[in-house]
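Each chain, written out:
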Amino acid sequence: MKLCTACTVSRPIQGCFQGGRTVLAVVSVPMFCKLLMLFEYKPTLGPILLMLREMSKDLGVFLLLMIIFLLGFGVSYIALLIPPARLGWTSLSALFMYPYFQMFGDFYLEVFELDEASAYTEKTWDAGDPNGVVSRGQGIVSVALLVCWVMISTVVLVNLLIAMFSDTYRTIKDNQLIIWKYQRY
């Protein structure tokens, strides 16, 4: 609340407008989430707000598992598809970005460098060739890894998240009246 007041007061000051807007944008989300506490005394909304808090804990566990799988696939993917001469800081961002966006359907198929007949190129790369491309064997293994990653991320991990959320929902819904009475005092 104090930060929101500071942002409003600093608005007319020369040079503070953009900084104040940025702080206000960051602070407004937790502030409105804090306003939800006004509804904790309601018999229906109080347990639902507790469900949201508990599900956010479940989401943290899920994100940890997803990051572990994401890094495992990302390292394998980068090791197969990026020649050693091209490795650098951009490869580090690709380590996270390729598997993350592949979870949502952007498969980066241009990385495989397919030729006209849709077969992997035969040219292999060595450590001294910065323009090397993916060999047929590396392309096949990377596509197999891609299929495994898509299956794990979309089927297994999403179903795990749904199961975790439904367990939390069921547990709190079963004890809804008791939880509401404890939240009143």
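Provided above is the structure to which this section pertains.
Here goes a summary of the coordinates provided. (Residues numbered from 1 in each chain as written. Predicted model: local features only at pLDDT ≥ 70, side-chain atom pairs only at ≥ 80, totals over all residues. Heavy atoms only, no water.)

### Considerations on the overall build of the protein
Argument step 1. If you tally the helices and strands in the protein, you get 6 helices and 0 strands.
Argument step 2. Written out in order from the N terminus, the α and β elements of the protein read α-α-α-α-α-α.
Argument step 3. Taken across its 185 residues, the protein has 30% of its residues classed as buried. (Helix = DSSP H or I, 4+ residues; strand = E, 2+ residues; numbered from the N terminus. Buried < 20%, exposed > 50% of the residue type's maximum accessible area, 1.4 Å probe, protein only.)

### Details of the packing of helix α4 (residues 89–103) against helix α5 (residues 136–174)
Argument step 1. The geometry of α4 relative to α5 is characterised by a closest axis approach of 9 Å and an angle of 60 degrees between their N-to-C directions. The angle between α4 and α5 falls in the class oblique. Every pair of crossing elements has a handedness; the one defined by α4 and α5 is right-handed. Every residue of α5 that contacts α4 at Pro-99, Gln-102 and Met-103 is listed here: Leu-146, Trp-149, Val-150, Ser-153 and Thr-154.
Argument step 2. Residue composition of the contact of α4 with α5, grouped by class: 5 nonpolar, 3 polar and no charged. (Axes fitted to C-alpha atoms, helices over the stretch in contact; angles between N-to-C directions. Parallel < 35°, antiparallel > 145°, perpendicular 65-115°, else oblique. Left-handed = near helix turned anticlockwise from the far one by under 90°. Contact = heavy atoms within 4.5 Å. Nonpolar A, V, L, I, M, F, W, Y, C, P; charged D, E, K, R; others polar.)

### So, the pattern of salt bridges
Argument step 1. By the definition in use, this model includes 3 salt bridges.
Argument step 2. Two residues, Arg-53 and Glu-40, come together in a salt bridge whose shortest N-O distance is 2.2 Å. Of this pair, Arg-53 sits in helix α3 (residues 45–81) while Glu-40 sits in the loop between α2 (17–35) and α3, and the two are 13 residues apart along the sequence.
Argument step 3. Classification of Arg-53 as partly exposed rests on a relative accessible area of 40%.
Argument step 4. With a shortest N-O distance of 3.3 Å, Lys-57 and Glu-54 are connected by a salt bridge. With Lys-57 and Glu-54 both in helix α3 and 3 residues apart, the pair spans about one turn of that helix. (Salt bridge = Lys/Arg side-chain N within 4 Å of Asp/Glu carboxyl O.)

### Concerning the layout of surface pockets
Argument step 1. Volume-wise, the largest pocket comes out at about 150 Å³.
Argument step 2. As for the largest pocket, its lining consists of Cys-33, Leu-36, Met-37, Glu-40, Leu-49, Leu-52 and Arg-53.
Argument step 3. Here the lining of the largest pocket takes 3 residues from α3, the largest share from any one element.
Argument step 4. Its residues placed into classes, the lining of the largest pocket shows 5 nonpolar, no polar and 2 charged. (1 Å grid on protein atoms, 1.4 Å probe; cavity = no way out; pocket = protein on both sides within 12 Å on 5 of 7 lines; lining within 4 Å. Points joined across faces, edges and corners; volume = space filled by probe spheres on them.)

### Points about α4
Argument step 1. Counted at 1.5 Å a residue, the expected span for α4 with its 15 residues is 21 Å, and the 22 Å between its end C-alpha atoms agrees.
Argument step 2. Among the residues of α4, Ser-91, Ala-94, Leu-95, Tyr-98, Pro-99, Gln-102 and Met-103 are the ones counted as buried.
Argument step 3. For α4, the elements touching its buried residues are α3 and α5.
Argument step 4. Positive phi shows up at Gly-105, right after α4, with a value of about 105 degrees. (Expected span 1.5 Å × (residues − 1).)

### Side note on the packing of aromatic side chains
Argument step 1. For the coordinates displayed, the defined rule picks out 5 aromatic pairs.
Argument step 2. Look at Tyr-77 and Tyr-98: their rings are 5.4 Å apart centre to centre, the planes differ by 90 degrees, and that puts the pair in the edge-to-face class. Here Tyr-77 is found in helix α3, whereas its partner Tyr-98 is found in helix α4, with 21 residues between them in sequence.
Argument step 3. Relative accessible area serves as the criterion here: at 0%, Tyr-77 is assigned to the buried category.
Argument step 4. Aromatic pair Tyr-100 and Phe-104: ring centres 5.2 Å apart, planes at 75 degrees, arrangement edge-to-face.
Argument step 5. The class of Tyr-100 is partly exposed, set by a relative accessible area of 35%.
Argument step 6. Taken together, the ring pairs in this structure connect Phe-73, Tyr-77, Tyr-98 and Trp-149 into an aromatic cluster. (Phe/Tyr/Trp six-rings, centres within 6.5 Å; stacked < 30°, edge-to-face > 60°.)

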